[in-house]
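Working through the structure, step by step
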Amino acid sequence: MNIYADNAATTKMSCSAIQAMTKCMENYYGNPSSLYGVGQDAKVALENAREQIAQVLNCNPKEIYFTSGGSEADNQAIRTAAYLGARKGKKHIISTAFEHHAVLHTLMKLEKEGFEITLLDVHHDGIVTAEQVSSAIREDTALVTIMYANNEIGTIQPIAEIGKLCRKCGVLFHTDAVQAIGHIPVDVTKDHIDMLSLSAHKFHGPKGVGLLYARKGIMLTNLIEGGAQERGKRAGTENVPGIVGMAVALKEAASNLDNYRRRLIPLRDRLIQGLRQIEYSELNGDPVHRLPGTVNFCFEGIEGESLLLLLDDMGIQASSGSACTSGSLDPSHVLLAIGRPHEVAHGSLRLSLDGEITEEEIDYLIQSVKSVVERLRNMSPFWRDLVTGKRSHVFRQFQ
Ligand SMILES: *Cc1c(COP(=O)(O)O)cnc(C)c1O
């Protein structure tokens, strides 16, 4: 059996998105800025994609700026709000300790440029509350940036509530919705979102393309100077096939969203129940307020890396921490942020499912993880210390 269970890292492309892209590359190869036929064909394809996407997000097509992906959109949103604030003497930014590095590293750069950053603690359940945001907002707060759903543990944040609060306080609100879009309902108007980032390859679209939604009236800061593309806010010839593929994948995900959730959530919960049968293990993050396909566990006495290698041998592709940090020996900043001690944060496993997974495959996942954890523990001197009582357990035997 082969099970790709790393959909939070990236997804397999949808067939209809591939077809739309191929057609676009074959026929609409012109430059959308050119005035002759093939150029205008490309322009039409581009603007149709923008309209389709705007419909899904519930915004105006003019509020969409195409980018090279989620990271670029995060960078541009945060710099925009920071510089708009600085012009009015507001140099304080609120975020959380468990954001994606595209957000955290941008904030660290801005701190060096003289901005003051407040990173909210994340509760043990992996959720930040509107009350926390409310008590952190000051007169000089320029921006609140909080992710819609966490990429490692899958917890969903109360974004509509936080958006409403920020709107009331007159503070710009950005959300990194890369993990949420295509997986749970998101509506930029209902959720009071000023800026939102998304990335096509997290919902079965192509890699290297995404967008920034910025509410009407927000003057974006350019990261890239050059031509007048994207209303002068993002220079460079547009990635027309990528954008077309993104629109098709998004429309498909949005029209299938109810089915996807109805089918996947019980399978995700079966996986959680199964993994809870492993002694000295714990689910990371709230069991209910989570993405339909994301499950993350910590196992005592295990090295996440060895777990991944043995699972790979059994035909299972999974992740430990995020792709950006795997390969380094530092434990995940997300797991540390929700209060996991170092020794268990090292033994984490993220399984992120796609909508096609079957009950049989879920049971194979459970059996495989069980057997691999047992094998690794039997070889581990650390585990022996726990068994003989030389070291004490962090978790209770069963949750
Ligand atoms: C994947 C991801 C990103 C980065 O998106 P890219 O398109 O790969 O640059 C940003 N934020 C979150 C939450 C992600 O999961």
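Bear in mind the structure is a predicted one, so any value in this text is a computation, not a measurement.

Brief notes about the overall build of the chain
For the chain, the helix and strand inventory stands at 13 helices and 12 strands. Since a compact globule built from 399 residues should have a radius of gyration of about 21 Å, the 22 Å found for the chain is in line with a globular shape. Within the chain, counting contacts between residues at least 6 apart in sequence, those at least 24 apart form 73% of the total. As displayed, the chain offers around 17,200 Å² of accessible surface, 52% of which is attributable to carbon and sulfur atoms. With 41 positive and 47 negative side-chain charges, the chain shows a spacing of 4 Å between the two charge centroids.

Re the confidence of the model for the chain
With 98% of its residues at a pLDDT of at least 70, the chain reaches an overall mean of 96. Mean pLDDT across the elements of the chain bottoms out in helix α11 (residues 342-345) (90) and peaks in strand β6 (residues 172-176) (99).

A word on the site of the ligand
Neighbouring residues of the ligand: 13 residues in total, closest Ser-71, Asp-176, Gln-179, Ser-199 and Lys-202. At a separation of 2.7 Å, an oxygen atom of the ligand approaches a polar side-chain atom of Ser-71. The separation between an oxygen atom of the ligand and a polar side-chain atom of His-201 is 3.0 Å. Relative to its free-state accessible area of 380 Å², the ligand is covered by the protein chains to the extent of 86%. Across the shell around the ligand, the residue classes tally to two nonpolar, eight polar and three charged.

Here's the deal with the sheet that holds strand β3 (residues 92-96)
Strands sit in the order β2-β8-β7-β6-β5-β3-β4 across an open sheet of seven strands; the sheet is mixed. Pairing within the sheet leaves two strands with one partner each, and these edge strands are β2 (64-67) and β4 (116-120). Neighbouring strand axes in the sheet, compared pairwise and without regard to direction, differ in orientation by 20° on average. Here β3 runs beside β4; their pairing, made up of five bridges, is parallel. If you follow Ser-95 over to β4, its bridge partner there is Leu-119. Contacting β5 (141-145) and β6, helix α6 (residues 159-169) crosses the sheet at an angle of about 160° to β6.

Focus: the sheet that holds strand β9 (residues 281-283)
Paired through their backbone hydrogen bonds, the strands of a sheet run either parallel or antiparallel. Read from one edge to the other, the open sheet built from three strands follows the order β9-β10-β12, with strand pairing classed as antiparallel. Edge positions in the open sheet fall to β9 and β12 (348-352), since each of these has one partner strand only. With direction set aside, neighbouring strand axes in the sheet form an average angle of 20°. Bridge count between strand β10 (residues 294-299) and β12: five bridges; the pairing is antiparallel. Among the inter-strand pairings, Asn-296 is bridged to a residue of β12, identified as Arg-350. Across the sheet, helix α8 (residues 257-276) lies against β9, β10 and β12, angled at about 5° from β10, the strand it touches most.

Reading the values: the criteria
- Residues numbered from 1 in each chain as written.
- Predicted model: local features only at pLDDT ≥ 70, side-chain atom pairs only at ≥ 80, totals over all residues.
- Heavy atoms only, no water.
- Helix = DSSP H or I, 4+ residues; strand = E, 2+ residues; numbered from the N terminus.
- Rg over C-alpha atoms; globule rule 2.2 N^0.38 Å.
- Contact = heavy atoms within 4.5 Å.
- Areas by Shrake-Rupley, 256 points an atom, 1.4 Å probe, with all protein chains shown as cover.
- Lys, Arg positive; Asp, Glu negative; His and termini not counted.
- Charge placed at Lys NZ, Arg CZ, Asp CG, Glu CD.
- pLDDT = per-residue confidence, 0-100.
- Near = heavy atom within 4 Å.
- Polar contact = N/O pair within 3.5 Å; in protein donor to acceptor, adjacent residues only side chain to side chain.
- Nonpolar A, V, L, I, M, F, W, Y, C, P; charged D, E, K, R; others polar.
- Pairing = 2+ DSSP bridges.
- Axes fitted to C-alpha atoms, helices over the stretch in contact; angles between N-to-C directions.

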